[in-house]
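# Structure at a glance
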Amino acid sequence: EDWKVYQQDKASYFMVQETNWAEYVKKLKNPHYTIFFAAKDNLGGGSHPELTELLHELGLTSDLKEKAHWGYMAIIDGDTLLYEQLSEDALDYECDINGNHVKLVSESYTQGNRASIQINYKEYFVNRRGIGIVVYDKILGDVVDCVTFDFHGGGTPYRS
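Below: a short report on this structure.

Cut-off values and rules
Residues numbered from 1 in each chain as written. Predicted model: local features only at pLDDT ≥ 70, side-chain atom pairs only at ≥ 80, totals over all residues. Heavy atoms only, no water. Helix = DSSP H or I, 4+ residues; strand = E, 2+ residues; numbered from the N terminus. Buried < 20%, exposed > 50% of the residue type's maximum accessible area, 1.4 Å probe, protein only. Contact = heavy atoms within 4.5 Å. Phe/Tyr/Trp six-rings, centres within 6.5 Å; stacked < 30°, edge-to-face > 60°. Lys NZ or Arg CZ within 6 Å of the ring centre and 35° of its normal.

### Focus: the environment of Glu 84
- Assignment of secondary structure puts Glu 84 in strand β3 (residues 80-87).
- Owing to a relative accessible area of 16%, Glu 84 belongs among the buried residues under this scheme.
- Placed 11 residues apart in sequence, Glu 84 and Cys 95 show a C-alpha to C-alpha distance of 13 Å.
- Leaving out residues up to four positions away in the same chain, Glu 84 has contacts with Leu 60, Thr 61, Ser 62, Tyr 72, Met 73 and Ala 74.

### What to know about the packing of aromatic side chains
- By the definition in use, this model includes 6 aromatic pairs.
- An angle of 35° between the planes, with centres 5.4 Å apart, marks the rings of Trp 3 and Tyr 6 as tilted. Here Trp 3 and its partner Tyr 6 are both found in helix α1 (residues 2-17), 3 residues apart, which amounts to about one turn of the helix.
- Judged by centre distance (5.2 Å) and plane angle (55°), the rings of Tyr 24 and Phe 149 are tilted. With Tyr 24 in helix α2 (residues 21-27) and Phe 149 in strand β9 (residues 142-150), the pair connects residues that are 125 residues apart, well separated along the chain. Of the two residues, Tyr 24 and Phe 149, neither departs from the other in class, the shared state being buried.
- These aromatic residues form a ring-pair network of at least three members: Trp 21, Tyr 24, Phe 149 and Phe 151.
- The ring centre of Trp 70 lies 5.0 Å from the NZ or CZ of Lys 67, which sits over that ring.
- Over the face of the ring belonging to Tyr 158 we find Arg 128, whose NZ or CZ atom lies 3.7 Å from the ring centre.

Everything listed here is a matter of geometry and, on its own, says nothing about what the molecule does.
Following this line, the structure appears as structure tokens:
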């Protein structure tokens, strides 16, 4: 058990140090992670078409290439896609995962330009333009990273 905890702690340390969005997405492929996505303002698929392919490798299915200002949210638990939605309309989703209450919000640029990722009623979304990602580690039992990548700004990462 201690070895598992050490390995997960080490993996999350290197993930948090990553500033290149493509390399970051590759580090998300971990069966012990539950990953939450919510978008605000710009999905970046038009300026970064390779983003959709990298996200598909994680198990997501939406094509973000022509949906720059749409709302988007998704949840991946380990290797399983639990939820994914892409829409011009405001999106709101609540569920319980791994004993945690989760609420996701993504409102497109024209519908309010807002996003939120809450776990147990605590806000984790880094309030910047782009795709917000919150990573929950099931072995460590905690959120290990919160980042928003601004793809309109070249993929710049912002952390809380």
